[in-house]
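# Tertiary structure, described
Residues per chain, in single letters:
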Amino acid sequence: MRYDISINYKPIQSRYTRFGNYREIILNTNLKKSIQREHFFHELCHAIRHVGKQSMMPEAFRELQERDAKHFTLYGALPYHMISNYDINDPDIIERWSQDFKVSQELCEERLKQIKRKYISSAN
């Protein structure tokens, strides 16, 4: 509501579209809810941070936007201020995050690796 973006569910590929002032995120109903949630954050990134039509832009710029959306998904789905209360050394942390944040275990694994990489690099 804050960004005036409609969210609709259809049995088609998830995407963000804009028609004049109308903005819409479509989430694929054929996907599991956890994957739909990840797609939501990915498409939200395109909606609030990116401009232009990807089909009309150079490949390198499109890849940059996709990489940004992937990183945004990690932070949006598993925000640090919320996951910092968890013990990252807990052997069940991936399952806990997946259940608590309603996202895939693969996304949780990627976020945990990211946090550990940052922790290691800041310790050096």
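The coordinates are above.
Below or above, wherever it landed, is the structure these notes cover. What you see is a predicted model, and the numbers here were worked out from it, not measured in a lab.

## Some remarks on the layout of surface pockets
Here the largest pocket is characterised by a volume of approximately 520 Å³. Forming the boundary of the largest pocket are 18 residues, of which Y16, T17, G52, K53 and Q54 lie nearest the centre. Those elements that place two or more of their residues in the lining of the largest pocket are β2 (15–19), α1 (33–49) and α2 (59–77). Ranked by residues supplied to the lining of the largest pocket, first place goes to β2 with five residues. The residue inventory of the lining of the largest pocket, partitioned by class, reads four nonpolar, eight polar and six charged. Taken as a whole, the second largest pocket spans an internal volume of roughly 160 Å³. If you trace the second largest pocket, you find it lined by Q13, S14, E38, H39, H42, E43, K70, T73, L74, L107 and E110. Elements with a contribution of two residues or more to the lining of the second largest pocket: α1, α2 and α5 (105–123). When residues of the lining of the second largest pocket are assigned to their parent elements, the largest contribution, four residues, is made by α1.

So, how was this worked out
Note on numbering: residues in each chain are counted from 1, in written sequence order. Residues qualify for local features only when their pLDDT is at least 70, as the model is predicted, and side-chain atom pairs are given and counted only at 80 or more; totals for whole chains, interfaces and linings, by contrast, use all residues. For side-chain calculations, the full set of non-hydrogen atoms in the structure is used, while hydrogens and water are omitted. The pocket and cavity definitions rest on a 1 Å grid over protein atoms only: a 1.4 Å probe that fits but cannot leave marks a cavity, an open set with protein on both sides within 12 Å along at least five of seven lines marks a pocket, and residues lining either have an atom within 4 Å of a point. Grid points are joined across faces, edges and corners, and a volume is the space filled by probe spheres set on the points. Secondary structure elements follow DSSP: runs of H or I of four or more residues count as helices, runs of E of two or more count as strands, with numbering from the N terminus. Each residue is assigned to one of three groups, with Ala, Val, Leu, Ile, Met, Phe, Trp, Tyr, Cys and Pro labelled nonpolar, Asp, Glu, Lys and Arg labelled charged, and all others, Gly among them, labelled polar.

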